[in-house]
Amino acid sequence: MGTSVGFDLDMTLADTRSGIAAAFDELSVRLGVPFDSELITSRLGPPLEFELANWLPAADVPAAADLYREIYPELAVPAHTAMAGAYEAVEAVRAGGGRIIVVTGKNVRDATSTVELLGLAVDEIVGSVFGAAKGSALARFGAAAYVGDHVADIEAARAGGAVSVTVATGPYSVGELRDHGADVALANLTEFATWFAGWRAGARLG
């Protein structure tokens, strides 16, 4: 069994809510559109354009997305913090001889800036992919498990031939994640290291 693991970023490794809210609040001022940043940050996961389509005519979405991404590095990234258990989860994989890939819907520039800000020791970052579209990166990397907080991350794991490990730190509860077919549903990443050790031990015995 491989020991390399893939992780989602927003609300899995990184708490990006405050930063994303700040970026949307600034976007609201610049566009004169009343975005509800609290609502938006309660359902992070899908691509930016999907969220913007809830608030803007389709024709206005591309330009708004460009402006948001212009705002993001200065206002959002500095506000990001690590999720509880993130460093321990990364260390558990490394201590087990594994490598780590971050596969996220966030663009590579902002994902990389976030990972670097938080000092997370990862081997590769793939951005701008969502749901099953994450699968090819996971399969190429040889990720044996993929950890995420969204039901779309379960689809990602399936597409990449990885065990689906979920954390209830995003928009879904443990029960909802299980109902959507997650192989493993944890309350948060503080439970990951113990799960990972047991999973590796079980695979060796099997």
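Note: the structure precedes this text.
Description of the structure in this document. (Residues numbered from 1 in each chain as written. Predicted model: local features only at pLDDT ≥ 70, side-chain atom pairs only at ≥ 80, totals over all residues. Heavy atoms only, no water.)

What to know about the packing of aromatic side chains
Then comes step 1: Scanning all chains against the criterion turns up eleven aromatic pairs.
Then comes step 2: Their ring planes at 75° and their centres at 6.0 Å tell us that Phe35 and Trp55 sit as a pair that is edge-to-face. One end of the pair, Phe35, is in the loop between helix H1 (17–31) and helix H2 (37–41); the other, Trp55, is in the loop between helix H3 (48–52) and helix H4 (61–75), and 20 residues separate them in sequence.
Then comes step 3: You can call Phe35 buried: its relative accessible area is 8%.
Then comes step 4: Three or more aromatic residues joined by ring pairs form one cluster here, namely Phe7, Phe192, Trp195, Phe196 and Trp199. (Phe/Tyr/Trp six-rings, centres within 6.5 Å; stacked < 30°, edge-to-face > 60°. Helix = DSSP H or I, 4+ residues; strand = E, 2+ residues; numbered from the N terminus. Buried < 20%, exposed > 50% of the residue type's maximum accessible area, 1.4 Å probe, protein only.)

Regarding the environment of Leu189
Then comes step 1: Inspection of the secondary structure assignment puts Leu189 in the loop between strand E8 (184–186) and helix H10 (192–205).
Then comes step 2: Owing to a relative accessible area of 3%, Leu189 belongs among the buried residues under this scheme.
Then comes step 3: Separated by 103 residues in sequence, Leu189 and Ala86 place their C-alpha atoms 6.1 Å apart.
Then comes step 4: With sequence-adjacent residues up to four places away left out, Leu189 is seen in contact with Phe7, Thr12, Leu13, Ala84, Gly85, Ala86, Ala89, Val147 and Val167. (Contact = heavy atoms within 4.5 Å.)

Some remarks on the sheet that holds E8
Then comes step 1: Strand order in the open sheet formed by six strands is E5-E4-E1-E6-E7-E8, with parallel pairing between adjacent strands. Sheet topology places strand E5 (124–126) and E8 at the edges, where each strand pairs with a single neighbour. Looking at each pair of strands side by side, their axes are set apart by 20° on average, direction ignored.
Then comes step 2: Pairing geometry for strand E6 (residues 145–148) and strand E7 (residues 163–167), over four bridges, is parallel. By the bridge assignment, Val147 is partnered in E7 with Val165.
Then comes step 3: This element, helix H8 (residues 151–159), spans E6 and E7 of the sheet and lies at about 160° to E7. (Pairing = 2+ DSSP bridges. Axes fitted to C-alpha atoms, helices over the stretch in contact; angles between N-to-C directions.)

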